[in-house]
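Report on the structure
Here's the letter readout for the chains.
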Amino acid sequence: MSAALQVTAFGLALLSTLFLLLATCTDCWMVNADDSLEVSHKCRGLWRECVTNMQDGVRTCDQYDSILADHPVKIVVTRTLMIAADLLAGLALATLVLGLDCITFLKEDPCVKLKLCYGAGVILCAGSILGLIGSVWYAVDVYVERAMLVSHNIFLGVHYDFGWSCWLGMAGSMGCFVASVLLTCCLYACTAPSSRCQPQRHPQPRGRTATSKMYAMDSRV
């Protein structure tokens, strides 16, 4: 049961990590919400802005300035959180691979392999929280910016809504969180108490105790 749970969590974590990487690299975090009025499809990402002509399909992209340049807060915060989530998810995957029961590494020490699975679950949980905060932060900021423009009757030629890259970030973060629950709570519940890591107490041999008593009696004499 625990082996099947580990494989399920690994598959979910791998898919979720790919979603996080795609969300970080792609450029459709914001899309124009007025497709019926526009002849082009505009996308804004964390690293560049792209425009696709709806008539001939030609796509042109504008790279943002250097990463050290001044950018809006939502881009800087989302970049930082998503990169940190990607790194943590990758580290958790590497740790989980070593802890899988189907891997021969540390096969003779199941206690260590179980700890590796628990550690991978904790790392995945941290990565999922960072990724979810970054994705939701960006989506809320886009929504608030659009609501402010509408409330003040300001029309800049195009209104943006959050796009599929933002949804990928949310989905990947939630997937990592579910995988972390499988690797911590569910794995602990499915593991037999006898298989869990417990500190072993080594009792003192009786022979040594008897010998010490004999020496004590001789010294008294």
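Everything here concerns the structure above.
Analysis parameters
Residues numbered from 1 in each chain as written. Predicted model: local features only at pLDDT ≥ 70, side-chain atom pairs only at ≥ 80, totals over all residues. Heavy atoms only, no water. Disulfide = S-S within 2.5 Å. Helix = DSSP H or I, 4+ residues; strand = E, 2+ residues; numbered from the N terminus. Buried < 20%, exposed > 50% of the residue type's maximum accessible area, 1.4 Å probe, protein only. Axes fitted to C-alpha atoms, helices over the stretch in contact; angles between N-to-C directions. Parallel < 35°, antiparallel > 145°, perpendicular 65-115°, else oblique. Left-handed = near helix turned anticlockwise from the far one by under 90°. Contact = heavy atoms within 4.5 Å. Nonpolar A, V, L, I, M, F, W, Y, C, P; charged D, E, K, R; others polar.

A few words on the state of the cysteines. Working definition: the covalent bond between the sulfur atoms of two cysteines is a disulfide. What the rule picks out here adds up to one disulfide. A disulfide bridge connects Cys28 with Cys43, and the sulfur atoms are separated by 2.3 Å. On the sign convention where negative is left-handed, the bridge of Cys28 and Cys43, at about 60 degrees about the S-S bond, is right-handed. With Cys28 in the loop between helix 1 (2-25) and strand 1 (30-32) and Cys43 in strand 2 (residues 40-44), this residue pair connects regions lying 15 residues apart in the sequence. Cys28 gets classed as buried once you look at its relative accessible area, which sits at 5%. Between Cys185, a cysteine without a disulfide, and Cys186, which holds the nearest cysteine sulfur, the sulfur-to-sulfur distance is 6.5 Å. By relative accessible area, which is 54% here, Cys185 ends up exposed.

Okay, the packing of helix 1 against helix 2 (residues 73-99) next. Close contact between helix 1 and helix 2 brings their axes to 10 Å; oriented N to C, the two are set at 155 degrees. Overall, the two elements helix 1 and helix 2 adopt an arrangement that is roughly antiparallel. The two elements helix 1 and helix 2 meet at a crossing, and its hand is left-handed. In contact with Gln6, Ala9, Phe10, Ala13, Leu14, Thr17, Leu20, Leu21, Ala23 and Thr24 of helix 1, helix 2 contributes Met82, Ile83, Ala85, Asp86, Ala89, Gly90, Leu93, Leu96, Val97 and Gly99. Classifying every residue of the contact of helix 1 with helix 2 gives 14 nonpolar, five polar and one charged.

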